[in-house]
Amino acid sequence: MEVPRLGKPADAASVDDAFHVFDTTLRDGAQREGINLTVADKVAIARHLDSFGVGFIEGGWPGANPRDTEFFARAQQEITFRHAQLVAFGATRRPGAKAADDPQVRALLESGAPVVCLVAKAHDRHVELALRTTLEENLEMVRDTVSFLREQGRRVFVDCEHFFDGYRANPAYAKSVVRTASKAGADVVVLCDTNGGMLPAQIQAVVSTVIADTGARLGIHAQDDTGCAVANTLAAVDAGATHVQCTANGYGERVGNANLFPVVAALELKYGKSVLPEGALAEMTRISHAIAEVVNLTPSTHQPYVGVSAFAHKAGLHASAIKVDPDLYQHIAPEQVGNTMRMLVSDMAGRASIELKSKELGVELGGDRALIGRVVQRVKERELAGYTYEAADASFELLLRAEAEGRPRRYLRIESWRAITEDRPDGTHANETTVKLWAKGERIVATADGNGPVNALDRALRRALEGPYPELAKMELVDYTVRILAGEHTTESRTRVLISTADSTSAWTTVGVADNIITASLQALQDAYSYGLLRAGIEPEPEPAH
Ligand SMILES: CC(=O)SCCNC(=O)CCNC(=O)[C@H](O)C(C)(C)COP(=O)(O)OP(=O)(O)OC[C@H]1O[C@@H](n2cnc3c(N)ncnc32)[C@H](O)[C@@H]1OP(=O)(O)O
Ligand SMILES: CC(=O)C(=O)O
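Residues numbered from 1 in each chain as written. Chains lettered and ligands numbered in written order. Predicted model: local features only at pLDDT ≥ 70, side-chain atom pairs only at ≥ 80, totals over all residues. Heavy atoms only, no water.

By the naming in an unreviewed UniProt entry, the protein goes by Citramalate synthase and is assigned to Streptomyces achmelvichensis.

Right, here's the structure in full:
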């Protein structure tokens, strides 16, 4: 019999087998609407998960589709696993056949995975309606498939589908599936909340009883349909489960699965269980974002532990306590999970928020209470007028420096501008903008066209400034958003523009607010250029030259 080699070598440093972190991003995660992984994506995600240190990576269902079959073939050639064992997922054999003759069971063996996770029916109604067989034959399918795979040298886990609903309907039968799987040689029998309808107390009660009644080693697989998948997973652990099935960022069928990151963070930091290799937890934020990048979904900003907002503080009262000790408003130190604390400045800020934000930005305020008070006041006035500084750090820094230095950092002064938008009879459009401005003591007039009025404005400004400030050529506008701030009548509403600009090393966001979109854009663009020049170390003029 060929020894499967898809996984860490037997002598590799291993996290204790007594507790399993089992990741199913590549199988259940891929069942999420909107995720469509290539084989190369799967290989990239498997590498991230292995480097994070999960014990098991469920790679897919070999034989169900060519992509999953190819993934197992390529994983053998391309990945040297340091921590994880690769797991092939599949179903118990078909009713009335032999496991040894079932093509999909053979595909599991041919995948080369050393571990197989079999899905089995545990709900009597599903056996009769979906599988269209008898309760006894379903037990025989479990027994035969597990025994056959064990004989072939595979480690076997069994996912009992719809276990909790099945237990409610017919507890004796649900438990008989667990006993059959365990007796046939399954290392872990995983109780699945497939419809995701359970709550933590129910999970805890059922897992405790099933452990007491069957003596089997149990795992948990929780879907998130009640928003309780992480809590349900931890409730199962509280009841004695020693194997947790999760997915990166909670991706999964329908609304998703138990999110791997809060589950392992809770196990490590709250339960004191060592479930990851030394140092891995501090990589968690990076790994979460890297996987989001591969699946092409924007990372959720509000994800526990790893979201960019997970340690972002907005309320002034929070900031005043954090100034004394960050622990007062944080449940852990963000660095433990590779994240960072951030201060948000808005009309909810107080003096402490401004002081902490200034430190973060490297602007020295010297504890000047009057100055700090002026900044707080200015922020509140401007936010009332529609500005938003929590989303526009660069505009806030310019405001802060203007107050601290007693004059704005000004690199240019606009004298006037004019924008022309023309809709032609043939259906084509033209946008042309002219700006008249002063920079480095010189009056400059420039005109440009663009695919919209704001694009034409940006190009005219750049054309005007390319002589005095050649550094601007390295900066590009990367994002532009507009929001209409509700007024009494729609046409009288104010417009808020946020512009993100980037150079080769970083990106920054600026804000403008005005009655019309072009004026608001001009403000945001002026801040964007000024901030970029400030970062490039360019000194503003002592006094504008007119
Ligand atoms: C709860 C979960 O998320 S489990 C994971 C589910 N994942 C997937 O379904 C994704 C991959 N699936 C597939 O590619 C396909 O469904 C395949 C290849 C597995 C099967 O395709 P088909 O042979 O065309 O069957 P189809 O999808 O219509 O139905 C599934 C069959 O599996 C049977 N089945 C369902 N669960 C089990 C089980 N635990 N053990 C054995 N057979 C099962 C069903 O009764 C049905 O049998 P039938 O073909 O005799 O009606
Ligand atoms: C196995 C699985 O994905 C489930 O029961 O939800």
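After presenting the structure, the write-up continues.
K.L.:
Break down the site of ligand 1 for me, citing the residues and quoting the values.
P.N.:
Among the 18 residues in the neighbourhood of ligand 1, the closest are listed as Thr-92, Arg-94, Val-119, Ala-130 and Arg-132. In the model, an oxygen atom of ligand 1 is placed 3.5 Å from a nitrogen or oxygen of the Arg-27 side chain. Coverage of ligand 1 by the protein chains reaches 56% of its 1000 Å² of free accessible surface. Put simply, the parts of the chain that give the shell around ligand 1 at least two residues each are β3 (85–91), β4 (115–121) and α4 (124–131). Looking at the shell around ligand 1, the element that brings in the most residues is β4, giving three residues. (Near = heavy atom within 4 Å. Polar contact = N/O pair within 3.5 Å; in protein donor to acceptor, adjacent residues only side chain to side chain. Areas by Shrake-Rupley, 256 points an atom, 1.4 Å probe, with all protein chains shown as cover. Helix = DSSP H or I, 4+ residues; strand = E, 2+ residues; numbered from the N terminus.)

K.L.:
Hey, could you go over the side chain of Ser-353 for me, with residue numbers and the actual values?
P.N.:
You can see Ser-353 is positioned in helix α13 (residues 351–361). Overall, Ser-353 belongs to the buried group, its relative accessible area being 1%. Apart from residues lying up to four places away in sequence, Ser-353 is in contact with Ala-315, Gly-316, Ala-319 and Met-343. (Buried < 20%, exposed > 50% of the residue type's maximum accessible area, 1.4 Å probe, protein only. Contact = heavy atoms within 4.5 Å.)

K.L.:
Describe the nonpolar core, with residues and values.
P.N.:
In terms of nonpolar packing, the biggest core is built from 93 residues, with Phe-52, Phe-163 and Met-284 touching the most fellow members. In terms of residues, this core owes the most to one element, helix α10 (residues 260–270), which gives seven residues. Not counting chain neighbours up to four residues away, the residues in contact with Met-284 comprise Phe-52, Phe-261, Val-264, Ala-265, Tyr-305, Val-306 and Val-337. Grouped together as the second largest cluster of nonpolar side chains are 33 residues, Leu-398, Leu-457, Met-475 and Leu-522 included. (Core = buried A, V, L, I, M, F, W, Y, C linked by side-chain atoms within 4.5 Å.)

K.L.:
Run through the sheet that holds strand β7 (residues 218–222), naming residues and quoting values.
P.N.:
Ordered by their spatial adjacency, eight strands build a closed barrel running β1-β2-β3-β4-β5-β6-β7-β8, and the pairing between neighbours is parallel. Across this sheet, the average inter-strand angle for adjacent strands is 25°, counted without regard to direction. With four bridges connecting them, strand β2 (residues 56–60) and β3 associate as parallel partners. Bridging across to β3, Ile-57 finds its partner in Leu-86. Taken strand by strand, helix α8 (residues 200–214) contacts β6 (188–193) and β7, and its axis lies near 155° from that of β7. (Pairing = 2+ DSSP bridges. Axes fitted to C-alpha atoms, helices over the stretch in contact; angles between N-to-C directions.)

K.L.:
Give me the lowdown on the packing of α13 against helix α14 (residues 369–384), citing residues and values where you can.
P.N.:
Where α13 contacts α14, the two axes come as close as 9 Å, and the packing angle between them is 100°. Taken together, α13 and α14 sit at an angle that is classed as roughly perpendicular. Residues Arg-351, Ile-354 and Glu-355 of α13 form the contact with α14, whose participating residues are Arg-369, Ile-372, Gly-373, Val-375, Val-376 and Val-379. Across the contact of α13 with α14, the residue classes tally to five nonpolar, one polar and three charged. (Parallel < 35°, antiparallel > 145°, perpendicular 65-115°, else oblique. Nonpolar A, V, L, I, M, F, W, Y, C, P; charged D, E, K, R; others polar.)

K.L.:
Talk me through the site of ligand 2; I want residue IDs and the actual numbers.
P.N.:
Surrounding ligand 2, one finds Arg-27, Asp-28, Asp-159, Glu-161, Cys-192, Thr-194, His-221 and Gln-223. A distance of 3.0 Å is found between an oxygen atom of ligand 2 and a side-chain nitrogen or oxygen belonging to Asp-28. Take His-221: an N or O atom from its side chain is 3.1 Å from an oxygen atom of ligand 2. Alone, ligand 2 offers 220 Å² of accessible surface; in the complex the protein occludes 92% of this. Among the residues making up the shell around ligand 2, the classes are represented as one nonpolar, three polar and four charged.

K.L.:
Requested: an account of α10, with residues and values cited.
P.N.:
Summarising burial for α10: eight of the eleven residues are buried, a large majority. Among the residues of α10, Leu-260, Phe-261, Pro-262, Val-263, Val-264, Ala-265, Ala-266 and Leu-267 are the ones counted as buried. On the buried face of α10, the contacting elements are β1 (20–23), α1 (39–52), α9 (229–238), β8 (243–246) and α11 (284–295). The first or second residue beyond α10 is Gly-272, which carries a positive phi of 70°.

K.L.:
Go over the domain arrangement of the protein with me, naming the residues and quoting the values.
P.N.:
Domain boundaries assigned for the protein yield domain 1 (15–295), domain 2 (312–404) and domain 3 (413–535). Measuring from the centre of the C-alpha atoms in domain 1 to the corresponding centre in domain 3 gives 53 Å. (Domains from an automatic or database assignment.)

K.L.:
Explain the sheet that holds strand β15 (residues 494–502) to me, and be specific about the residues and the numbers.
P.N.:
Within the open sheet, the three strands sit side by side as β14-β15-β16. Their pairing is antiparallel. The sheet terminates laterally at β14 (476–485) and β16 (507–514), the two strands that pair on one side only. Strand-to-strand twist of the sheet, defined as the mean angle between neighbouring strand axes without regard to direction, takes the value 15°. Note that β14 and β15 share nine bridges and pair antiparallel. Bridged to Thr-481 within β15 is Leu-498. Taken strand by strand, helix α17 (residues 517–535) contacts β14, β15 and β16, and its axis lies near 150° from that of β16.

K.L.:
I'd like a rundown of unusual backbone geometry, residues and numbers included.
P.N.:
Not every positive phi belongs to a glycine, and His-162 is a case in point at roughly 50°. With respect to the element layout, His-162 can be found in the loop between β5 (155–161) and α6 (163–169). Located in the positive-phi region is Asn-249, a residue other than glycine, with phi close to 60°. With respect to the helices and strands, the residue Asn-249 is situated in the loop between β8 and α10. For Asn-249, a relative accessible area of 12% corresponds to the buried category.

K.L.:
Before we move on, could you go through the packing of α4 against helix α5 (residues 135–151) and cite the residues and values that matter?
P.N.:
Contact pair α4 / α5: the axes reach a minimum separation of 9 Å and the direction vectors enclose 95°. Taken as axis vectors, α4 and α5 run roughly perpendicular relative to one another. Contacts between α4 and α5 pair Asp-124, Val-127, Glu-128 and Leu-131 from the former with Leu-135, Asn-138 and Met-141 from the latter. Residues of the contact of α4 with α5, tallied by class, amount to four nonpolar, one polar and two charged.

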